[in-house]
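Residue strings, one per chain:
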Amino acid sequence: MKAVSDLGDLSGQRVLVRSDLNVPLSGTDITDDGRVRASVPTIERLASAGARVIVVAHLGRPKGAPDPAYSLKPVATRLGELLGAEVHFASDTVGDDARRVVESLADGQVAVLENVRFNAGETAKDDAERGAFADQLADLADVFVSDGFGVVHRKQASVYDIASRLPAAVGGLVQTEVEVLKRLTENPEGPYAVVLGGSKVSDKLGVIENLIDKADSLLIGGGMVFTFLKAQGHEVGTSLLEADQLDVASGYIERAAAQGVDLVLPTDVVVAPAFADEDASVVPADAMPADQMGLDIGPESAARFAEVIGASRTVFWNGPMGVFEMASFDAGTRAVALALTQMNGLSVVGGGDSAAAVRQLGFDDAQFGHISTGGGASLEYLEGKTLPGLAILEGTDD
Ligand code: ADP
Ligand code: MG
């Protein structure tokens, strides 16, 4: 893959950069600007090289037509604050206003185009329809830089098709993500612990499948653990359960044993009578009351998880250990996060909710080796899938 430094002199060049600015919004307030912050270094670098920087991004899931609720305007404003520079904003993506704004850019200036998903061509399944939209995007620029890691697993016009229409390179953010994920899949330094939680086993099957051969220990918490506990024959009360995944969970329990992977399941669980922040108590994982719901791993388990993490040299963690959104059930997630900040070696946090959890619990991004900006993309990478937005830049696309 070409890097930005391989693109030559960018002074005066119109550089279209695909960033991931898909932040959570409450009205027009950005509730977590992590993705905007993560996008700043590449934009700043291009601007200081004298490029005319055209930022293309999406926000939410509008239905292929303009929808003011998903306007990137507030995000462009935030980007300007973080850059400490004026950021021009075009009220469309490839229309008259976009052309006017791009034409008016001086060297080193930055513009953000309106939500790329306001155009049906961006996500069209039909190659010709997507290609036609990519042509319009390409007309605006001289060079393409792919820096939206959160979207590289999508075969979309501004991620995939445009890369074959302009000289293209990968931005620093995507480069870093790929380097880190490679260290988790190709010769990871051992002992290697994979910690999985979150709501569903079915979301994480591909990752378990691909990493069970590489990991020394597999630690499971979160809502998905009850499918494993049930598969072992335990009562799980009213906890989250994926009955159709019981055989799959049994299969992994057997495979871990056969391959000498240390499968670490909780020995105690924090339960409550309902999905609410009250009347929590701790019970043994093999003796859960039938009328209670498991909402976090218990303190003994949290200590055991922290111990395994502390003894590892590489740790990948995806998925909260409990319902961290409620104070009674955030201790397991807090303990795992703390252990990652204290271990010696590479600690990687993947997943949107996991990243939000560590920030909400008061940790700083810099305390971790890496926090992935792309939930779905990092999982697909770890599943061993080909990501279209990377393949097209590598020339390995088929
Ligand atoms: P990520 O986005 O990091 O990949 P997921 O989306 O898989 O994580 O899961 C996050 C959600 O899992 C959180 O909203 C959390 O409340 C929920 N969760 C964790 N443990 C439990 C549990 N025991 N019961 C129900 N939900 C849970
Ligand atoms: Mg999630």
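Each chain has its residues counted from 1, running along the sequence as written. Note on labels: chains are lettered from A, ligands numbered from 1, in written order. A pLDDT threshold of at least 70 governs which residues receive local features in this predicted model, and a stricter bar of 80 or more applies before side-chain atom pairs are shown or counted, although totals over entire chains, interfaces and linings include all residues. The basis for the side-chain values is all heavy atoms of the structure; hydrogens and waters are excluded.

## Some points on the overall build of the chain
Stage number 1. Going along the chain from the N terminus, every DSSP run of H or I of four or more residues is numbered as a helix, and every run of E of two or more is numbered as a strand. In terms of regular secondary structure, the chain is built from 14 helices and 17 strands.
Stage number 2. Over its C-alpha atoms, taken along the principal directions, the chain stretches across nearly 70 × 40 × 40 Å.
Stage number 3. Type-normalised accessible area, obtained with a 1.4 Å probe on protein chains alone, sets the label of each residue: buried when under 20%, exposed when over 50%, and partly exposed for intermediate values. Here the chain holds 398 residues, and the buried ones make up 55% of them.
Stage number 4. Contacts between residues were defined by any pair of non-hydrogen atoms, one from each residue, lying within 4.5 Å. Partitioning the contacts of the chain with sequence separation of at least 6, the portion at a separation of at least 24 is 72%.

## A look at the site of ligand 1
Stage number 1. We call a residue near a molecule or strand as soon as one heavy atom of that residue lies within 4 Å of the molecule or strand. Of all residues adjacent to ligand 1, which total 18 residues, the nearest are Lys204, Gly294, Glu325, Asp353 and Ser354.
Stage number 2. A distance of 3.1 Å separates a nitrogen atom of ligand 1 from a polar atom in the backbone of Gly294.
Stage number 3. In the model, an oxygen atom of ligand 1 is placed 2.8 Å from a nitrogen or oxygen of the Asp353 side chain.
Stage number 4. About the coverage of ligand 1: the protein hides 85% of its 580 Å² of free accessible area.
Stage number 5. In terms of residues, the shell around ligand 1 owes the most to one element, helix H12 (residues 352-360), which gives 3 residues.
Stage number 6. Any residue that is not Ala, Val, Leu, Ile, Met, Phe, Trp, Tyr, Cys, Pro, Asp, Glu, Lys or Arg is counted as polar, Gly included; the first ten are nonpolar and the last four charged. Across the shell around ligand 1, the residue classes break down as 4 nonpolar, 11 polar and 3 charged. Whenever a nitrogen or oxygen atom comes within 3.5 Å of another N or O atom, the pair is scored as a polar contact, on the condition that within protein one atom can donate a hydrogen and the other can accept it, and that pairs from neighbouring residues in sequence are kept only if both atoms are in side chains. Per-residue accessibility takes into account occlusion by the displayed protein chains alone, with areas from the Shrake-Rupley method and a 1.4 Å probe.

## Side note on the sheet that holds strand E4 (residues 52-56)
Stage number 1. Strands are labelled as partners when DSSP assigns at least two bridges between them. Spatially, E5-E6-E4-E1-E7-E8 is the arrangement adopted by the 6 strands of the open sheet, whose pairing is parallel. Both outer strands of the open sheet, strand E5 (87-90) and strand E8 (168-170), are each paired with one neighbouring strand and no more. Each strand axis lies, on average, 25 degrees off the axis of its neighbour in the sheet, ignoring direction.
Stage number 2. Between N-to-C directions, angles span 0 to 180 degrees; the directions come from axes that are lines fitted to C-alpha atoms, helices contributing only their stretch in contact. Each of E5 and strand E6 (110-113) touches helix H2 (residues 73-83); the most contacted strand, E5, lies at about 165 degrees to it.
Stage number 3. Relative to the sheet, helix H3 (residues 96-104) contacts strand E1 (14-18), E4, E5 and E6, its axis offset from that of E5 by approximately 155 degrees.

## Some details on the sheet that holds strand E14 (residues 293-297)
Neighbouring strands of a sheet are bound in pairs by backbone hydrogen bonds; such pairs are parallel or else antiparallel.
Stage number 1. The 3 strands lie next to each other as E13-E12-E14, forming an open sheet whose pairing is antiparallel. Each edge of the open sheet is held by one strand with a lone partner, namely strand E13 (281-284) and E14. With direction set aside, neighbouring strand axes in the sheet form an average angle of 45 degrees.
Stage number 2. The strands touched by helix H10 (residues 299-310) within the sheet are strand E12 (268-272), E13 and E14, with E14 carrying the most contacts at an inclination of about 35 degrees.

## What about unusual backbone geometry?
Stage number 1. Cis geometry is adopted by the peptide bond preceding Pro191, which originates at Gly190 and carries an omega value of -5 degrees.
Stage number 2. The topology assignment puts Pro191 in the loop between helix H6 (172-185) and strand E9 (192-196).
Stage number 3. A positive phi is found at Asp279, a non-glycine position, where the angle reads about 55 degrees.
Stage number 4. In this fold, Asp279 is placed in the loop between E12 and E13.

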